[in-house]
Amino acid sequence: MLLQIKNLKVGYGNIEVVRGVDLNIDKGECVGLIGESGCGKTTVGLSITKLIPERRGITSGEILFEDRDILKLNPEELRNIRSKKISYVFQEPFSSLNPVFTIYEQIKESLEEKDNSDSQIAEILKSVGLEKIIGRKNVYPHELSGGMQQRAMIGMAVASKPSLVVLDEPTTALDVTIQRQILELIMELKNKMNLSILFISHDLRIVFSIADKIGIMYAGKIVEYGLKEKIISNPGHPYTMGLMDSIPSFEHRKKLFNAIGGKAPLFSDLPIGCKFYPRCKFRIDKCLEKEPELENVSSGHVSRCIRIKDMHYGVIKNK
Amino acid sequence: MELLKISNLYKTFKKHKVSAVDGASFSIFKGEVLGLVGESGCGKTTLAKLILRLIDADKGSIFYKDKDLLKISHSDMRKTRKSLQIIFQDPYASLDPRMRIGEVIEEVYDIHKDVTGREKKNKAIELLETVGLGETYLQRLSSELSGGERQRVGIARALATDPEFIICDEPVSSLDISIQAQILNLLIDLQKRKNLTYLFISHDLGVIGSICDRVIVMQSGKFVESGSCETIFRNPKHEYTKSLLESALLS
Ligand SMILES: Nc1ncnc2c1ncn2[C@@H]1O[C@H](COP(=O)(O)OP(=O)(O)OP(=O)(O)O)[C@@H](O)[C@H]1O
Ligand SMILES: Nc1ncnc2c1ncn2[C@@H]1O[C@H](COP(=O)(O)OP(=O)(O)O)[C@@H](O)[C@H]1O
Ligand code: SF4
Ligand SMILES: [Mg+2]
Ligand SMILES: [Mg+2]
């Protein structure tokens, strides 16, 4: 296992927003993390290399990367991991690129070996489909379109030949056709470099198209986890079912969506028991007794819902 | 019945020499939901603004009932605008963060000057209820609302003048998928209940396919294909439409 996150808890100020997350990523595997805005996805991603403000910050857990706990590394070792082993791509390419340096300068900065940098940079630009700017050393970020900027970001992220890349909503700001191209690029690099990927997004459609395994996050915890195929064919949590019913498509023409009502709870005011209770169509009083644990739905597919077995055995009608 | 008939509409932004809308002709029928799809920058928002005369067209005509909107006087246009409304993409940018929601809605009546005092407040409450928010939101600041709530306020504001035609310019693109479904439900429900006519702009073919009757596909200022949703989705003719459909991840 390349990365094992165990019982991660993270807070900002006096509010805990990641409330005990476990997540594993194997070599060459793409794990998708889905959940609505504010549920804690980015915080999980940032925690992997301890990029969380110190005040409160990470209060519990282990982050085993290549069998060493990142949370126990000294600053020098941590810097080494951040610059060589684990890299990030964020939603807004423009705000992540430095506007006052050229694309060439920025890619050079992330190279592992600075010798022969021009030919290395050319190689990288080619691999992310930016042949057009090979040799054009005076190109600045603002001269590129959003899609090209994101390609440059991905180029920088893979320049140091990392083993893990965290992609946090990398295509959310882009339009569909460009989105598709970027996803294809990511898949291609993943296969070529045997990269491991944590792919964060609120858009199920995108995660379904790219991930091998999927974690669904709600209010700071994983509520369902498993192989993509299992989740798609047999969603194991009412929240996941609601998200799937919310996907707009031609097939659902002109019908009202079976949408999830209400909105996610505030971390400062979490409901007792199951955190999804206020919005859940299947809730019963027993759901209020305590927050459900993750339990097996089938092998390698877990869910945090006390009624899921009843649903799957047809005791409850799945409307 | 043809509600709007647009013929040979052109708009070039001189400074950058961009032909944002390059000869658009189409009709919108009463009670239909017409989709407008195309990638970023192809001219969708420009077309929307031209129809409402928020920017001036270079040439062409826009007939609403029997009036050419490009020829009528400004005061006539102001009256007509009550029937033609728009909901914008970005619920953050389109509401002033310092204003209370009550004010945001009542402001519409100040512009159109036909509702007074107490009546304004009652109307605002009624509208907030229509969009699923309710009276408690009157005093809230728009900066305190979530994206979905803001979009509901945007919809309430568009409904305030009792329009018959609404342009929805990417009304759900910036929202999470679960909230997106709630807003689409609201828009579909309102359309049926009030027999509204929508021009629905999106680059998301999933969204277009789920709510539109007909679709126009636009590329670099030009219409490349149009037809019923069935035809465009099942049997696209143009290469560009095909590539959009392939990108759409309609899995
Ligand atoms: N006020 C303006 N001045 C100059 N150029 C403009 C102006 N408004 C739009 N444009 C240009 O006109 C073209 C069409 O823009 P428009 O906003 O209509 O696109 P859109 O299809 O709505 O895109 P998006 O999906 O990103 O909203 C673009 O090339 C844009 O840069
Ligand atoms: N730097 C920060 N300081 C305080 N609160 C934060 C900070 N970053 C995120 N939060 C809060 O933590 C929660 C989880 O945020 P985040 O991890 O960004 O969620 P997501 O990526 O799923 O949208 C949210 O309630 C958010 O407002
Ligand atoms: S535990 Fe109860 S409230 Fe929670 S998701 Fe399951 S059925 Fe719904
Ligand atoms: Mg985030
Ligand atoms: Mg636009």
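Residues numbered from 1 in each chain as written. Chains lettered and ligands numbered in written order. Predicted model: local features only at pLDDT ≥ 70, side-chain atom pairs only at ≥ 80, totals over all residues. Heavy atoms only, no water.

**What to know about the overall build of chain B**
So, step 1. In terms of helices and strands, chain B carries nine helices and ten strands.
So, step 2. Taken over C-alpha atoms, the radius of gyration comes to 18 Å for chain B, in line with the 18 Å a tight globule of 251 residues would show.
So, step 3. In terms of overall dimensions, chain B has C-alpha extents of about 55 × 45 × 40 Å along its principal axes.
So, step 4. Burial analysis of chain B (251 residues in total) assigns 55% to the buried set.
So, step 5. The long-range fraction of contacts in chain B, counting pairs at least 24 apart against all pairs at least 6 apart in sequence, stands at 65%.
So, step 6. Accessible area of chain B: about 11,000 Å², with a carbon and sulfur share of 47%.
So, step 7. The distance from the centre of the 36 positive side-chain charges to the centre of the 34 negative ones in chain B is 5 Å. (Helix = DSSP H or I, 4+ residues; strand = E, 2+ residues; numbered from the N terminus. Rg over C-alpha atoms; globule rule 2.2 N^0.38 Å. Buried < 20%, exposed > 50% of the residue type's maximum accessible area, 1.4 Å probe, protein only. Contact = heavy atoms within 4.5 Å. Areas by Shrake-Rupley, 256 points an atom, 1.4 Å probe, with all protein chains shown as cover. Lys, Arg positive; Asp, Glu negative; His and termini not counted. Charge placed at Lys NZ, Arg CZ, Asp CG, Glu CD.)

**What about the pairing of strand E11 (residues 295-298) of chain A?**
All names here are of chain A.
So, step 1. The pairing of E11 with strand E12 (residues 301-303) spans three bridges and is classified as antiparallel. The partner of Ser298 across the bridge, within E12, is His301.
So, step 2. The hairpin formed by E11 and E12 contains two residues between the paired strands, and Gly300 there has a positive phi angle of roughly 70°. (Pairing = 2+ DSSP bridges.)

**As for the sheet that holds strand E4 (residues 59-64) of chain B**
All names here are of chain B.
So, step 1. In space, the four strands of this open sheet follow the order E2-E1-E4-E5, with antiparallel pairing throughout. A single partner strand is all that each edge strand has here, and the edge strands are strand E2 (18-29) and strand E5 (67-68).
So, step 2. In terms of strand pairing, E4 meets E5 through two bridges, oriented antiparallel. Residue pairing across strands places Tyr64 opposite Lys67, the latter belonging to E5.

**Side note on the site of ligand 2**
All names here are of chain A.
So, step 1. The local shell around ligand 2 consists of Tyr12, Val17, Glu36, Ser37, Gly38, Cys39, Gly40, Lys41, Thr42, Thr43 and Phe267.
So, step 2. Within the backbone of Gly40, one N or O atom sits 3.0 Å away from an oxygen atom of ligand 2.
So, step 3. A distance of 2.8 Å is found between an oxygen atom of ligand 2 and a backbone nitrogen or oxygen belonging to Lys41.
So, step 4. Protein chains bury 58% of the 570 Å² of accessible surface belonging to ligand 2 in isolation.
So, step 5. For the shell around ligand 2, the leading source of residues is helix H1 (residues 41-47), giving three residues.
So, step 6. A per-class count over the shell around ligand 2 returns four nonpolar, five polar and two charged. (Near = heavy atom within 4 Å. Polar contact = N/O pair within 3.5 Å; in protein donor to acceptor, adjacent residues only side chain to side chain. Nonpolar A, V, L, I, M, F, W, Y, C, P; charged D, E, K, R; others polar.)

**Regarding unusual backbone geometry**
Leaving glycine aside, a negative phi is the common case for residues, and trans is the common case for peptide bonds.
So, step 1. For A:Asn194, which is not glycine, the phi torsion reads 50° and is therefore positive.
So, step 2. Residue B:Asn195 is not a glycine yet carries a positive backbone phi of 50°.
So, step 3. Among the structural elements, B:Asn195 can be located in the loop between helix H6 (177-194) and strand E8 (197-202).
So, step 4. Judged by its relative accessible area of 40%, B:Asn195 falls in the partly exposed class.

**Considering the packing of helix H5 (residues 147-159) of chain B against H6(B)**
All names here are of chain B.
So, step 1. At their nearest, the axes of H5 and H6 sit 10 Å apart, and the two run at 15° to each other. For the element pair H5 / H6, the angle class is roughly parallel. Crossing hand, H5 versus H6: right-handed. Along the contact surface, H5 presents Gly148, Gln151, Arg152, Ile155 and Leu159, while H6 presents Ile179, Gln182, Ile183, Leu186, Leu187, Leu190 and Lys194.
So, step 2. Here the residues of the contact of H5 with H6 sort into seven nonpolar, three polar and two charged. (Axes fitted to C-alpha atoms, helices over the stretch in contact; angles between N-to-C directions. Parallel < 35°, antiparallel > 145°, perpendicular 65-115°, else oblique. Left-handed = near helix turned anticlockwise from the far one by under 90°.)

**Topic: the interface of chain A and chain B**
So, step 1. If you look at the interface, chain A gives 34 residues, while chain B gives 36 residues.
So, step 2. Buried surface at the junction of chain A and chain B, summed over both partners, amounts to about 3,000 Å²; 55% is from carbon and sulfur atoms.
So, step 3. When the buried surface of chain A facing chain B is broken down by residue, A:Arg205, A:Phe250 and A:Lys254 rank first, second and third, together holding 24% of it.
So, step 4. Our count for the contact surface shared by chain A and chain B stands at three salt bridges. (Buried area = accessible area lost by both parts, 1.4 Å probe. Salt bridge = Lys/Arg side-chain N within 4 Å of Asp/Glu carboxyl O.)

**Considering the site of ligand 3**
So, step 1. Neighbouring ligand 3 are the residues A:His237, A:Pro238, A:Cys274, A:Tyr277, A:Cys280, A:Phe282, A:Arg283, A:Cys287, A:Pro292, A:Cys305, A:Ile306 and A:Arg307.
So, step 2. Its residues placed into classes, the shell around ligand 3 shows nine nonpolar, one polar and two charged.

**Quick look at the confidence of the model for chain B**
So, step 1. Counting all residues, the mean pLDDT for chain B is 90, and 98% of those residues have values of 70 or more.
So, step 2. Per-residue pLDDT, averaged within each element of chain B, yields its smallest value for helix H3 (residues 101-112) of chain B (86) and its largest for strand E3 (residues 33-37) of chain B (97). (pLDDT = per-residue confidence, 0-100.)

**Overview of the side chain of B:Ser210**
So, step 1. Turning to its location among the elements, B:Ser210 is positioned in helix H7 (residues 205-211).
So, step 2. For B:Ser210, the residues in contact, after removing those within four places along its chain, are A:Pro248, A:Ser249, A:Phe250, A:His252, A:Arg253, A:Lys254, A:Phe257 and B:Leu184.

**Concerning the pairing of strand E3 (residues 30-34) of chain A**
Residue and element names in this part refer to chain A.
So, step 1. Burial analysis of E3 places five of its five residues in the buried class, which makes it a mostly covered element.
So, step 2. Examined bridge by bridge, E3 and strand E8 (residues 196-201) share five bridges and lie parallel to one another. Across the sheet, Val31 pairs through a bridge with Leu198, a residue of E8.
So, step 3. Judged from the four bridges that link them, E3 and strand E9 (residues 213-218) form a sheet pairing that is parallel. Within E9, the residue paired with Ile34 across the bridge is Ile216.

**Structural notes on the pattern of salt bridges**
When their charged atoms lie close together, side chains carrying opposite charge are able to pair.
So, step 1. Enumeration over the complete set of coordinates arrives at 29 salt bridges over all chains.
So, step 2. The salt bridge partner of A:Glu291 is A:Lys221, with a shortest N-O separation of 3.3 Å. One end of the pair, A:Glu291, is in the loop between helix H10 (238-245) and E11; the other, A:Lys221, is in strand E10 (residues 221-227), and 70 residues separate them in sequence.
So, step 3. Two residues, B:Glu164 and B:Lys30, come together in a salt bridge whose shortest N-O distance is 2.9 Å. With a gap of 134 residues between them, B:Glu164 in the loop between H5 and strand E7 (165-169) and B:Lys30 in the loop between E2 and E3 connect regions that are remote in the sequence.

**Brief notes about the side chain of B:His203**
So, step 1. Checked against the element boundaries, B:His203 lands in the loop between E8 and H7.
So, step 2. Within polar-contact distance, the side chain of B:His203 engages the side chain of B:Glu170 at 3.3 Å.
So, step 3. Leave out the neighbours within four places in its chain, and B:His203 touches A:Asp175, A:Val176, B:Val37, B:Gly38 and B:Glu170.

**Description of the packing of aromatic side chains**
So, step 1. For the structure on display, the rule yields six aromatic pairs over all chains.
So, step 2. Relative to A:Phe276, the ring of A:Tyr218 lies with its centre 5.1 Å away and its plane at 85°, an arrangement referred to as edge-to-face. Linking A:Tyr218 in strand E9 with A:Phe276 in the loop between H10 and E11, this pair joins segments that are 58 residues apart in sequence.
So, step 3. The structure contains a cluster of three or more aromatic residues connected by ring pairs, namely A:Tyr218, A:Tyr239 and A:Phe276.
So, step 4. Taking NZ or CZ as reference, A:Arg283 lies 5.1 Å from the ring centre of A:Tyr277, over its face.
So, step 5. Sitting over the ring of B:Tyr10, B:Lys59 keeps its end group 4.7 Å from the ring centre. (Phe/Tyr/Trp six-rings, centres within 6.5 Å; stacked < 30°, edge-to-face > 60°. Lys NZ or Arg CZ within 6 Å of the ring centre and 35° of its normal.)

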